[in-house]
Each structure stands twice: as C-alpha cells, then as structure tokens.
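Now for the letters of each chain:
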Amino acid sequence: MPGTPEGTTVLGASDVARALTRIAHEIVERAKGAQDVVLLGIPTRGVTLAVRLAERLAAIDPAFDPARDVGELDVTMYRDDLRRQPTRAVGVTRLPEAGIEGKTVVLVDDVLYSGRTIRAALDAIGDLGRPRAVRLAALVDRGHRELPIRPDFVGKNLPTATSESVRVRLAEVDGEDAVVISGRAADAPGAAERGEATR
C-alpha cells in the first residue's frame, strides 16, 4: 500500500473499476435482471458512483436505461445530527422519471461507516414512495456501525480504527480514482523504513 502525504492508498483506479463492475453484476444477479432496478446516489460521491454503476448495468442488461433509472437522494433534513450541525446545506433530491413505487431501489454511497446516513436515506425514501425492496451498495465498508445496517453489495471491506479517516477520491470530483486512509501509523514520516506500513 503506497503512502502519500495525504495517507495510504488502499485502492487505485483499476481496483475501483473492478469493484464497480463486480457490484453491477451482483445487482443484476440478485434482482434477476435490471428492468425494475433504480439507482439513487447519496451526495456527493455516491451520485458519481451511481452514474458509473448505471453504465455497467446497461452494458449487462439493456433493459436498464441510465438516463431513466438513476437519481440522487439528499438526506440532509432526515439526519439525526442537525441540532449539532444546523448549518448543513440542503441538497437536491432527483427521482427517476418513473419514480420508485414497486421498484428495487439500490442506494449508492461511497463509504459506509456508522450507518446513520443510510438510516436517514431510508426515512427519506419512506416519504417518497413504496419500493418493492431497498438495497445498499457501498464502495467501502469501514466498519464501526452504530445501527443495524449492512451493505448488500460492497466493493471493499476495510478494517479501520475510529481515529482513521477514509476518503474516496473520484476522477469526476477529485481528478483521480483512489481510496485513501489517513491517520494510521503507516502514514507517519519514516514509517516505511521502520516496517510499519506492512503491519
């Protein structure tokens, strides 16, 4: 795992691409086709990941239309920490044209951590319609759940300490594809020379 001043890169561009391709195949397999699947990306990077997943789903099953079956779900007003962070900006919720009623909704997020964002997303969906099923796809599951929520599709299970930070970088937003962990011993100056990077 190469180290940078920003942290340790645990997934590179090719790793991210492979993970998304695998997730897309798993979504189609579990839903027995993609004709009733809609993707809802959770801002910010979950939206970008949903767009990428949509391209892969369409390549696997032409019944899936990326222009029709992808949306984004802002969960700001459903979060349980608004009292502590009241200055959060409200984002955009954009549902697919056909809505979510009776569909298999796949929530797409970059990093799954405490589960509180996903709980808020489930509350938001409850106000928008009644899907047949709701699934969760996360590029990275870093553990430390505070609620009984788990992903149905995950690109990488990444054990972390609570003191560490996991950042997903995407070319459309950040200029590159990478998953970076910072705050671990391997990031300290001279850690590689001391052998800490491989522990």
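An account of the accompanying structure is given in this report. (Residues numbered from 1 in each chain as written. Predicted model: local features only at pLDDT ≥ 70, side-chain atom pairs only at ≥ 80, totals over all residues. Heavy atoms only, no water.)

1. Remarks on the side chain of Arg142
Moving on, step 1. Counting through the fold element by element, Arg142 comes out in the loop between strand E6 (133-141) and strand E7 (153-157).
Moving on, step 2. With no salt bridge to any partner, buried Arg142 finds its closest opposite charge in Glu164, at an N-O distance of 5.3 Å.
Moving on, step 3. Looking at Arg142, its side chain comes within polar contact range of the main-chain oxygen of Ala161, at 2.8 Å.
Moving on, step 4. If we skip the residues at most four places from it in the chain, Arg142 touches Val111, Leu112, Tyr113, Leu158, Thr160, Ala161, Thr162, Glu164, Ser165 and Val166. (Helix = DSSP H or I, 4+ residues; strand = E, 2+ residues; numbered from the N terminus. Buried < 20%, exposed > 50% of the residue type's maximum accessible area, 1.4 Å probe, protein only. Lys, Arg positive; Asp, Glu negative; His and termini not counted. Salt bridge = Lys/Arg side-chain N within 4 Å of Asp/Glu carboxyl O. Polar contact = N/O pair within 3.5 Å; in protein donor to acceptor, adjacent residues only side chain to side chain. Contact = heavy atoms within 4.5 Å.)

2. Observations regarding helix H3 (residues 116-128)
Moving on, step 1. Taking 1.5 Å of rise per residue, 13 residues should cover 18 Å, and H3 covers 19 Å from first to last C-alpha, within 8% of that figure.
Moving on, step 2. Residues of H3 that are buried: Ile118, Ala120, Ala121, Ala124 and Ile125. One side of H3 holds all its buried residues, which, seen down the axis, span an arc of 155°. Along H3, exposed side chains directed more than 90 degrees from the buried face belong to Gly126 and Asp127.
Moving on, step 3. Buried residues along H3 sit in contact with strand E3 (37-41), strand E5 (104-112) and E6. (Expected span 1.5 Å × (residues − 1). Arc of directions from axis to C-beta.)

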